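As a plain string of letters, each chain reads:
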Amino acid sequence: MVSTQFSTPPVPTRAMEFDAWLDDLPKHFAADGDIVRSHVLTVLSSVFPDGEDYFVRSVEAVRDRIEDPKLREDVKGFIGQESMHGREHRALNERLAELGYPTGAIGTYVRKLTAFRERHQNEKANLAVTAALEHYTATLAETLLTDPEARAEIGHDGVRYLLMWHALEESEHKAVAFDVYKRVGGSERMRVAMMWVVHLNFVLETSIWTLISLAMDPAARRHPLRVLRGLWRLRRSPFMSRRAVRQLFEYHRRGFHPNDRDTTELIAVWRTRLFGSNGKLTDLLAS
Ligand SMILES: [Fe+2]
Ligand SMILES: [Fe+2]
């Protein structure tokens, strides 16, 4: 039996278009032109489109077996949201590639990794990886939605708008892949084991690609001290805070469910702040 603790609102699909806001994107778009943070954010954006395609395929593979009408509706919303995230991150990644970032190579790496997983893992294991990564995105999203310092780190307005919209929707659908995994009989043991695989993979791939990306940046090579200072400052980032790490590791608790953390209020606040009453993206600059 899958428990969602309380009734969650439906997962809506919103058609978005951020291209025009990215026209003036500078290479080091993070706050204060921070070189290291710009590269870390770029690496995260680069893994999203192909990673999210994999999430969608993992859920679609078992979609027909879900009978609960609420979960079926949520799956539809989940697929709609993730497809839209992929589209908008691809547009951002193309812009970042023009600026010299290796977003194409990172995308190719993710496509190969997910293809490998799909060749060697069964449906439940793919869903367990998806649910684990969804907990990562939900944790990053909650940090962004609750901490003004985290939002300020992003710097460029267009990138911040895109990530805030993405964060809201990650919070809205944070339990969907998890519930699908449970509904098809996924075990607690595999769920937690796959999270360890995901931790290892996430830490390695984010650090290695950030270092490669930095090594390819002439400005980073010209200013090694700025890079070292940026790396040192990373440890104080809200995304690496003790609170965020603790929240990430809640996933290892037996019987964990994403809705154990009630974010309905947070979602309601940001739906209004971002989309107001008419559903159109509103001005975020003041927030
Ligand atoms: Fe997403
Ligand atoms: Fe997601």
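The structure this text deals with has already been given above.
Moving on, we come to the layout of surface pockets. Empty space within the largest pocket amounts to approximately 960 Å³. Taken together, 41 residues line the largest pocket, and the ones lying closest to its centre are Val40, Leu44, Leu140, Phe202 and Phe239. Among the elements of the structure, helix H1 (35-60), helix H2 (69-98), helix H4 (123-146), helix H5 (148-154), helix H6 (157-172), helix H8 (188-215) and helix H11 (242-249) are those that each provide at least two residues to the lining of the largest pocket. Looking at the lining of the largest pocket, its residues break down into 26 nonpolar, 12 polar and 3 charged.

Every protein donor of the iron ion (ligand 1) is accounted for by Glu52 (OE), Glu82 (OE), His85 (ND1), His166 (NE2) and Glu170 (OE), and the metal-donor separations fall at 1.8 to 2.3 Å. Written as a sequence motif, the donor residues of the iron ion (ligand 1) are E-x29-E-x2-H-x80-H-x3-E. Metal-to-metal, the separation of the iron ion (ligand 1) and the iron ion (ligand 2) is 3.7 Å; Glu82 coordinates the two. Taken together, the positions of Glu82 in helix H2 and His166 in helix H6 put the pair 84 residues apart, joining distant regions of the chain. Take Glu82 and His166: they sit in the same class, and that class is buried.

To continue, consider the coordination of the iron ion (ligand 2). By definition of the ideal shapes, four donors in a tetrahedron about a metal sit 109.5 degrees apart, and six donors in an octahedron sit 90 or 180 degrees apart. For the iron ion (ligand 2), every protein donor is listed as Glu82 (OE), Glu134 (OE), Glu134 (OE), Glu170 (OE), Glu170 (OE) and His173 (NE2), and the spread of their distances is 2.0 to 2.7 Å. Coordination at the iron ion (ligand 2) is irregular, judged from the 6 donor atoms that bind it and the angles of 52 to 152° they form at the metal. Here the donor residues for the iron ion (ligand 2) map to a single chain with the spacing E-x51-E-x35-E-x2-H. Looking at Glu170, the relative accessible area reads 2%, which means it is buried. By relative accessible area, His173 is classed as buried at 0%.

Here we come to empty space enclosed by the protein. Counted under the stated rule, the structure contains 2 cavities of 30 Å³ or more. Its volume calculated, the largest cavity comes out at about 280 Å³. If you go around the largest cavity, you meet 20 residues; those closest to its centre are Val47, Gly51, Phe55, Leu133 and Glu205. Counting only elements with at least two residues in the lining of the largest cavity, the list comes to H1, helix H3 (103-120), H4 and H8. Of the residues that constitute the lining of the largest cavity, the class distribution is 13 nonpolar, 4 polar and 3 charged. In this structure, the second largest cavity encloses a volume near 80 Å³. Lining the second largest cavity are His135, Ala138, Thr139, Glu142, Ser171, Lys174, Gln247, Phe256, His257, Pro258, Arg261 and Thr263.

Moving on, we get to unusual backbone geometry. Here the phi dihedral of Asp32 falls at roughly 60°; this positive angle occurs in a residue that is not glycine. On the secondary structure map, Asp32 appears in the segment before H1.

This paragraph deals with the packing of H4 against H8. It is the contact of H4 with H8, at a shortest axis distance of 8 Å, that shows an interaxial angle of 60°. Classified by the interaxial angle, the pair formed by H4 and H8 is oblique. The two elements H4 and H8 meet at a crossing, and its hand is right-handed. Facing H4, whose interface residues are Lys124, Ala125, Ala128, Val129, Ala132, Leu133, His135 and Tyr136, H8 presents Met190, Arg191, Met194, Met195, Val198, His199 and Phe202.

Rules used in this analysis
Residues numbered from 1 in each chain as written. Chains lettered and ligands numbered in written order. Predicted model: local features only at pLDDT ≥ 70, side-chain atom pairs only at ≥ 80, totals over all residues. Heavy atoms only, no water. 1 Å grid on protein atoms, 1.4 Å probe; cavity = no way out; pocket = protein on both sides within 12 Å on 5 of 7 lines; lining within 4 Å. Points joined across faces, edges and corners; volume = space filled by probe spheres on them. Helix = DSSP H or I, 4+ residues; strand = E, 2+ residues; numbered from the N terminus. Nonpolar A, V, L, I, M, F, W, Y, C, P; charged D, E, K, R; others polar. Donors = N, O, S within 2.8 Å, 3.2 Å for Na, K, Ca; no water. Buried < 20%, exposed > 50% of the residue type's maximum accessible area, 1.4 Å probe, protein only. Tetrahedral: all angles 85-135°; square planar, octahedral: opposite > 155°, others 65-115°. Axes fitted to C-alpha atoms, helices over the stretch in contact; angles between N-to-C directions. Parallel < 35°, antiparallel > 145°, perpendicular 65-115°, else oblique. Left-handed = near helix turned anticlockwise from the far one by under 90°. Contact = heavy atoms within 4.5 Å.

Geometric values such as these leave the question of function open.
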